[in-house]
Amino acid sequence: WVSLSDIKDYFYACGIDDDLSSYFCLDDVPGWLVSELEGNDGRFSHLYGRDAVAPAFRVLPVGFSWSFYLAQIVHASVVKGVLPDTAGLVLQDRQPGPTIGPRGLVSLPYCDNHATGAGSPDLADGARIAVARQLTADGFAVHGAEDAALWAESLGFAIDGLTGEVGPTAKRATRLAAAGRWLA
C-alpha cells in the first residue's frame, strides 16, 4: 500500500538565516539599481551609495545546487523524527532498498514529495498523516494527499503494490527511450 503527499512551495517555505543566505547570492548589482527598484520606500537607502550589492535569498532558492540537498535533509529529518522506529526504513541514496512485510513500513521523502509504503492501508495512511502533522507544525503546508492504494504514481514512477514492482511510468519510459535514441 502506498500513500502520497506533497509539501506546498517547499523551497520557499525553507527560510534561512543571514549567515546561510550569504551562500545563496545573485551576481552583484550596482547600488544605484537598488535605489531605482525600491522606489520611495527607503528601507535599503544604506545600500544606494555602494558600488555593488550582492542580493541574497532568505529562503532556499530553487535551482541552486545546495538548495535541493538541504531541503532533502530537512524532510528526511522530520520523517525520521516522527517515525523513529522506521529510521532504517527511510529510502536513501546509495543504500539498498528495504524489504517490508505485511506489518512493515517504508518511507520515501524526496524533497517536497513524500511516499509511504506499508503492508496495510491504515499503516501507510497513519504514517503519512503523522509526518504531515509534524511538517504543518514546523510551518510547512502539506497538500495533494492521496489515501493508500495498491497502485500509485510519483515522480515519474509507477509503484505496483500487488506485484511489488517499481518502474517508470509509460510517459517516463517513452522519454527515456527517446533520450537513449538521441544519445546513440
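Refer to the structure printed above.
Read on for an overview of the structure. (Residues numbered from 1 in each chain as written. Predicted model: local features only at pLDDT ≥ 70, side-chain atom pairs only at ≥ 80, totals over all residues. Heavy atoms only, no water.)

Structural notes on the overall build of the chain
And then number 1: Check the secondary structure of the chain and you find six helices and seven strands.
And then number 2: Mapped in sequence order, the helices and strands of the chain form the string β-α-α-α-α-β-β-α-β-β-β-β-α.
And then number 3: The buried share of the chain, taken over its 184 residues, is 31%.
And then number 4: Residue pairs at least 24 apart in sequence account for 56% of intrachain contacts in the chain once pairs closer than 6 positions are excluded. (Helix = DSSP H or I, 4+ residues; strand = E, 2+ residues; numbered from the N terminus. Buried < 20%, exposed > 50% of the residue type's maximum accessible area, 1.4 Å probe, protein only. Contact = heavy atoms within 4.5 Å.)

Quick word on the pattern of salt bridges
And then number 1: Considering all chains together, one arrives at three salt bridges under this definition.
And then number 2: As a salt-bridge pair, Arg58 and Asp18 come within 2.5 Å of each other at their nearest N and O atoms. Remark: Asp18 occurs in helix H2 (residues 18-21) and Arg58 occurs in the loop between helix H3 (31-38) and helix H4 (65-82); sequence separation between them is 40 residues.
And then number 3: Its relative accessible area of 54% is what places Arg58 among the exposed residues.
And then number 4: Asp125 serves as the salt-bridge partner of Arg128, at 3.4 Å between the closest nitrogen and oxygen. Taken as a pair, Arg128 and Asp125 lie in helix H5 (residues 121-137) at a separation of three residues, close to a single helical turn. The burial state of Arg128 is the same as that of Asp125; both residues are buried.
And then number 5: One salt-bridge network, in which partners are shared between bridges, spans Asp125, Arg128 and Asp147. (Salt bridge = Lys/Arg side-chain N within 4 Å of Asp/Glu carboxyl O.)

Notes on H3
And then number 1: The set of residues buried in H3 consists of Gly31, Val34 and Glu38. The arc enclosing the buried residues of H3, seen along the axis, measures out at 50 degrees, which places them on a common side. In H3, the exposed positions that point more than 90 degrees away from the buried face belong to Trp32, Glu36 and Leu37. (Arc of directions from axis to C-beta.)

Digging into the sheet that holds strand S7 (residues 165-168)
And then number 1: One open sheet accounts for three strands, arranged S5-S6-S7; its pairing is antiparallel. Single-partner strands in this sheet number two, and they are strand S5 (151-154) and S7. The sheet shows a mean angle of 20 degrees between the axes of neighbouring strands, direction not considered. (Pairing = 2+ DSSP bridges. Axes fitted to C-alpha atoms, helices over the stretch in contact; angles between N-to-C directions.)

What to know about the pairing of strand S1 (residues 2-8)
And then number 1: Of all seven residues that make up S1, six are buried, and the element is covered over most of its length.
And then number 2: Sheet analysis places S1 next to strand S3 (residues 113-118), joined by five bridges and oriented antiparallel. Across the sheet, the residue bridging to Ser3 is Thr116, located in S3.
And then number 3: In terms of strand pairing, S1 meets strand S4 (residues 141-149) through five bridges, oriented antiparallel. Across the sheet, Leu4 pairs through a bridge with Glu146, a residue of S4.

Brief notes about helix H6 (residues 170-183)
One turn of the α-helix equals 3.6 residues, which is why residues spaced by three or four share an orientation.
And then number 1: Given a rise of 1.5 Å per residue, 14 residues ought to cover 20 Å, and the 20 Å separating the end C-alpha atoms of H6 matches this to within 8%.
And then number 2: Counting buried residues in H6 gives zero out of 14 residues, a small share hidden from the surface. (Expected span 1.5 Å × (residues − 1).)

Some details on the packing of H4 against H5
And then number 1: Relative orientation of the contacting elements H4 and H5 amounts to 120 degrees, with a least axis distance of 9 Å. Here H5 runs oblique to H4, going by the angle between their axes. In the crossing of H4 with H5, the sense of the turn from one axis to the other is right-handed. Across from His75, Val78, Val79 and Val82 in H4, the residues of H5 making contact are Ala130, Val131, Gln134 and Leu135.
And then number 2: Considering only residue class, the contact of H4 with H5 consists of six nonpolar, two polar and no charged. (Parallel < 35°, antiparallel > 145°, perpendicular 65-115°, else oblique. Left-handed = near helix turned anticlockwise from the far one by under 90°. Nonpolar A, V, L, I, M, F, W, Y, C, P; charged D, E, K, R; others polar.)

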